[in-house]
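Listed below are the residues making up each chain.
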Amino acid sequence: MDFQLDGLHRPVIVVGGGQAGLSMSHCLTAAGVGHLVLERERAGHEWRTRRWDSFCLVTPNWQCRLPGFPYAGDDPDGFMVRDEIVAYLEAYVRAFDVPLHEGVEATRLRQLPGGGFRLTTSAGELTADHVVLATGPYQVPLKPRLAERLPEHVVQLHSAEYRNPAQLPDGDVLVVGTGQSGCQIAEDLHLAGRRVHLAVGSAPRVARRYRGRDVVAWLDEMGYYARGIDEFADADAVRFRANHYVTGRDGGHDIDLRAFAADGMQLYGRLDTVRSGQLGFADDLRRNLDAADAVSEGIKDSIDAFIAQRGIAAPREPRYQPVWQPPDGPRTLDAEALSVVVWSTGFGRDHRWIDVPVFDGKGYPTHHRGVTSCPGLYFLGLPWQHTWGSGRFCGVAADAEYLTRRITGGGRGDVRWISGTPVSTYPADDDWVAPRTVA
């Protein structure tokens, strides 16, 4: 769209042109609410630029159901690859004529004395009665300070920068972190014939299929994706849990780190120290592998109980048996043996441009279902914003619809500012570290 933004007023401005922002636009349009969507790069930018070449979703295509735009392809049980995800979002923009302005960066958000907001952007200043912040959780790639102690010859990159094995120089590769990205990148390198070392963290795993169906289908039918965060006693802990690792690659399969080890991948515990050219790892590999397996088997237990309760006819299958056991004791690794480290250590948020007191003492936005204590300011697309499905293609529609009802019906949230001011929440730029979003 080509018109002057400077000085423009809209009832609602949505910041962020990913699946959350686009879903919000669809719901506002359906409600007849004037708005526009600002995107710093292009729609779906994160999917274009921060995913590796073989990346694909871990949730089946039938779960891709942004509002008014369910998956319409011929492989509902398959898994979209990166370029298909981008194409899906681009088709969404075209289908609903989203009032999207790409290449516009929001640089400051302030409240107006009489109500509403002033938004400073790279294209001028705008005002709005309501602002929806749909910038997502994957804003700032995080690396530990340990990275500074590695020898200069070791090439270091974050998982957001990884594209394919050919991108990396020859030699051994250490992948640090076993969330979804770390495990899938380790597999990508392993399948390419690279010698891979993997520092294993505490992320849980889940089986791809069980008793004749994709586990996601069972969990969806069991209501797991719709369970509200307020049903958990430890809501804060739930919000920051690492996702279960599994993959949709080549039609989908389990990721079994023990099987990788049996096939030659070197597994270690959590990376603990870098000292005098030696990388030290915690003595927790066995515990982490056992805990991940226990989560997977516990999910199978819940599926078994659901099948029995409902009297569902489903084939039985043998349970998982470990194919490899780690040696006892901590391990070390000589940094001279490495050519590359891929840090799969998560992301943080950068909300320093938001001059509105809606953050807690850790820099996390305080909200209830995306509604903040500041009238007219909302968040959308956060992990566990309300449910496990929040922020995903399967659940963001419900959150966007809820916020649309709040915008059109008025009211305010039930959270309170508890951390002073934005200045006290965020230290000076030189000392600032992005608050962790996801593992």
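Per an unreviewed UniProt entry, the recorded name for the protein is MSMEG_0569 family flavin-dependent oxidoreductase, and the organism is Amycolatopsis nalaikhensis.

What follows is about the overall build of the protein. When helices and strands are tallied, the protein shows 10 helices and 23 strands. Rg of the C-alpha trace for the protein: 23 Å, near the compact-globule value of 22 Å for 439 residues, within the 12% margin. With respect to the three principal axes, the spread of C-alpha positions in the protein is 65 × 60 × 40 Å. When each of the 439 residues of the protein is scored for burial, the buried share is 55%. Sequence separation of at least 24 residues holds for 72% of the intrachain contacts in the protein that already meet a minimum separation of 6. When the accessible surface of the protein is totalled, it reaches about 19000 Å², and 49% of it is carbon and sulfur.

Overall, the coordinates contain 15 aromatic pairs when judged by the stated rule. Ring geometry for F69 versus Y92: centroids 5.3 Å apart, planes at 85 degrees, classification edge-to-face. Separated by 23 residues along the polypeptide, F69 in strand β4 (residues 69-70) and Y92 in helix α3 (residues 82-96) bring together distant segments of the chain. This pair shows no difference in class: F69 is buried, exactly as Y92 is. Ring plane angle 70 degrees and centroid distance 5.8 Å describe the contact between Y88 and F393, whose orientation is recorded as edge-to-face. Of this pair, Y88 sits in helix α3 while F393 sits in the loop between β22 (377-379) and α9 (396-409), and the two are 305 residues apart along the sequence.

A word on the pattern of salt bridges. When charged atoms on two side chains of opposite charge get close, those side chains can pair. Counted by the stated rule, this structure contains 27 salt bridges. Salt-bridge contacts for E125 lead to R118; the nearest nitrogen and oxygen are separated by 3.3 Å. The partner of R195 in a salt bridge is D172, with the nearest N and O atoms 3.1 Å apart. Highlighted residues: R195 in the loop between α4 (180-191) and β12 (196-199) and D172 in strand β11 (residues 172-176), separated in sequence by 23 residues. Here R195 falls in the partly exposed class, since its relative accessible area comes to 43%.

Before going further, it helps to examine the nonpolar core. M24, V132, V175, L257, L267, L380 and F393 are the most contacted members of the largest nonpolar core, which totals 62 residues. In terms of residue count, α3 provides more of this core than any other element does, six residues in total. When residues no more than four places from it in sequence are discounted, the contact partners of M24 are V14, V132, L380, A400, L403, T404 and I407. Core analysis: the next-biggest nonpolar cluster, separate from the first, contains 25 residues, L5, F117, V131 and I354 among them.

Let us now look at the pairing of β12. With burial as the criterion, each face of β12 is covered, one bearing V196 and L198 and the other bearing H197 and A199. The handedness of the β11 to β12 crossover, carried by α4, is right-handed.

The pairing of strand β1 (residues 9-15) with strand β8 (residues 124-133) spans six bridges and is classified as parallel. Note on β8: the bridge partner recorded for V12 is H130. Both β1 and strand β2 (residues 35-39) contribute to a ladder of four bridges, which runs parallel. Along β2, the bridge assignment pairs I13 with L36.

Turning next to the packing of helix α1 (residues 19-30) against α3. Where α1 meets α3, the closest approach of the two axes is 11 Å, and the angle between their N-to-C directions is 20 degrees. Taken together, α1 and α3 sit at an angle that is classed as roughly parallel. The two elements α1 and α3 meet at a crossing, and its hand is left-handed. Contact residues: α1 offers Q19, L22, S23 and H26, while α3 offers L89, Y92, V93 and F96. Here the residues of the contact of α1 with α3 sort into five nonpolar, three polar and no charged.

This paragraph deals with the side chain of E187. Within the fold, E187 resides in helix α4. R249 provides the closest opposite charge to the buried, salt-bridge-free E187, at an N-O distance of 4.9 Å. Setting aside anything within four residues of it in sequence, one finds E187 in contact with T247, R249, H253 and F260.

Even without a glycine there, the phi angle at D97 is positive, about 50 degrees. Among the structural elements, D97 can be located in the loop between α3 and β5 (100-102). Its identity is not glycine, yet R369 carries a phi of approximately 55 degrees, on the positive side. If you trace the backbone, R369 turns up in the loop between β21 (354-355) and β22.

This part takes up α9. Under the 1.5 Å per step criterion, the end-to-end length of α9 is 20 Å for 14 residues, consistent within 8% with the ideal 20 Å. Along α9, the positions that sit buried rather than exposed are V396, A397, D399, A400, Y402, L403, T404, R406 and I407. Those residues of α9 that are buried lie in contact with β1, α1, β3 (65-66), β8 and β22.

Turning to helix α8 (residues 285-310), a few remarks are in order. Residues spaced three or four apart along an α-helix point in a common direction, a consequence of the helix completing one turn every 3.6 residues. Between its first and last C-alpha atoms α8 spans 38 Å; for 26 residues at 1.5 Å apiece the expected length is 38 Å, and the two agree. One or two steps after α8, the chain reaches G311, where phi turns positive at roughly 65 degrees.

Rules used throughout
- Residues numbered from 1 in each chain as written.
- Predicted model: local features only at pLDDT ≥ 70, side-chain atom pairs only at ≥ 80, totals over all residues.
- Heavy atoms only, no water.
- Helix = DSSP H or I, 4+ residues; strand = E, 2+ residues; numbered from the N terminus.
- Rg over C-alpha atoms; globule rule 2.2 N^0.38 Å.
- Buried < 20%, exposed > 50% of the residue type's maximum accessible area, 1.4 Å probe, protein only.
- Contact = heavy atoms within 4.5 Å.
- Areas by Shrake-Rupley, 256 points an atom, 1.4 Å probe, with all protein chains shown as cover.
- Phe/Tyr/Trp six-rings, centres within 6.5 Å; stacked < 30°, edge-to-face > 60°.
- Salt bridge = Lys/Arg side-chain N within 4 Å of Asp/Glu carboxyl O.
- Core = buried A, V, L, I, M, F, W, Y, C linked by side-chain atoms within 4.5 Å.
- Right-handed = clockwise from strand over helix to strand, strands pointing away.
- Pairing = 2+ DSSP bridges.
- Axes fitted to C-alpha atoms, helices over the stretch in contact; angles between N-to-C directions.
- Parallel < 35°, antiparallel > 145°, perpendicular 65-115°, else oblique.
- Left-handed = near helix turned anticlockwise from the far one by under 90°.
- Nonpolar A, V, L, I, M, F, W, Y, C, P; charged D, E, K, R; others polar.
- Lys, Arg positive; Asp, Glu negative; His and termini not counted.
- Expected span 1.5 Å × (residues − 1).

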